[in-house]
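# Residue-level structure breakdown
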Amino acid sequence: MKNTTGYYTRTAQLLHWLMAIIFIAAWLIGFYSGNFLSYETDGSFKGEVITLHKNIATTIIFLVVIRIFWRYTHPAPELPASMLPLMKKLAHLGHLALYLVLLALPITGCLFSWSAGHPAPVLYLFDIPRLVQEDPDILAIVKPLHIYISWAAGLLLAGHILAALKHHFIDKDNVLRSMIHQGK
Ligand code: HEM
């Protein structure tokens, strides 16, 4: 099955931009709380910021499942013929890595929260059923894991944005447009 239109489907575009907004917001809020707030000096404000981080970020779990299903059933447009095979390979590996962090971050985030004895709330509406009880041994693993993966995700995202801008402004090809428009 091939995509010969040169464009992502409307659904794929919507999922991409919606998840981009949620992911960047969750990343910035998590980074702010983790690196600029402390329980000693900021007290309950830090708690509220982390709660906001969780309520936004948990939605990624649901969206990524839909997105992976959509990606399998609706192939992406081909990369430009002008791209070197090595660059195409790198682009595919980069996209695969982005999907992996989209899965790994909410999973380690939920495990982090549960093992610390807290819930994993979704949009202030409901909690994801707890799969792990409070457990300092699990916390000691998943906390650094969540933090390191979040840094790797930040680097990947920066590379992804720079690559999209290079395609648009330097190579002047259709790659960024294929995620925005439909046809001419
Ligand atoms: C796409 C999803 C997510 C992204 C991009 C993300 C990103 C981040 C980032 C950048 C940090 C700061 C790391 C640092 O200290 O440098 C962080 C911390 C944290 N995240 Fe996430 N996260 C996600 C999902 C989740 C989920 C689903 C939960 C829990 C339900 C969660 C719970 C936490 C907690 C408790 C912290 C520690 C905050 C603090 O110590 O102040 N995260 N996350």
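- By the naming in an unreviewed UniProt entry, the protein chain goes by Cytochrome b561 bacterial/Ni-hydrogenase domain-containing protein and is assigned to Acinetobacter bouvetii DSM 14964 = CIP 107468.
- Entered under Sequence similarities (unreviewed entry) in the UniProt record, the comment concerning the protein chain runs "Belongs to the cytochrome b561 family."

## Topic: the coordination of the iron atom of the ligand
- Around the iron atom of the ligand, the protein supplies His53 (NE2) and His146 (NE2) as donor atoms, at distances of 2.0 Å.
- Bound by 6 donor atoms, the iron atom of the ligand shows angles of 87 to 178° at the metal and therefore octahedral coordination geometry. Of this pair, His53 sits in helix α2 (residues 39–57) while His146 sits in helix α5 (residues 136–170), and the two are 93 residues apart along the sequence. With respect to class, His53 is no different from His146; both count as buried.

## Notes on the side chain of His167
- With respect to the element layout, His167 can be found in helix α5.
- At a separation of 2.7 Å, a polar atom in the side chain of His167 contacts the side chain of Asp173.
- Non-local contacts of His167, meaning those with residues more than four positions away in its chain, are made with Met83, Lys172, Asp173 and Val175.

## Considering helix α3 (residues 59–73)
- For α3, spanning 15 residues, the distance from its first C-alpha to its last is 22 Å, which sits close to the expected 21 Å at 1.5 Å a residue.
- Inspection of α3 places Thr59, Ile60, Leu63, Val64 and Arg67 among the buried residues, and these make up the whole buried set. For α3, the angular spread of the buried residues around the axis is 110°, confining them to a single face. α3 presents Val65, Phe69 and Tyr72 as exposed residues on the side facing more than 90 degrees away from its buried surface.

## A few points about α5
- The first and last C-alpha atoms of α5 sit 50 Å apart over 35 residues, in line with the 51 Å expected at 1.5 Å per residue.
- Residues of α5 that are buried: Val142, His146, Ile149, Ser150, Ala153, Leu157 and His167.
- The residue sitting at the N-terminus of α5 and contributing the capping side-chain oxygen is Asp135; that oxygen lies 2.9 Å from the backbone nitrogen of Asp137.
- Two residues or fewer after α5 comes Lys172, characterised by a positive phi angle close to 55°.

Cut-offs used in this document
- Residues numbered from 1 in each chain as written.
- Predicted model: local features only at pLDDT ≥ 70, side-chain atom pairs only at ≥ 80, totals over all residues.
- Heavy atoms only, no water.
- UniProt positions renumbered as here; feature names shortened; annotations may be inferred.
- Donors = N, O, S within 2.8 Å, 3.2 Å for Na, K, Ca; no water.
- Tetrahedral: all angles 85-135°; square planar, octahedral: opposite > 155°, others 65-115°.
- Helix = DSSP H or I, 4+ residues; strand = E, 2+ residues; numbered from the N terminus.
- Buried < 20%, exposed > 50% of the residue type's maximum accessible area, 1.4 Å probe, protein only.
- Polar contact = N/O pair within 3.5 Å; in protein donor to acceptor, adjacent residues only side chain to side chain.
- Contact = heavy atoms within 4.5 Å.
- Expected span 1.5 Å × (residues − 1).
- Arc of directions from axis to C-beta.

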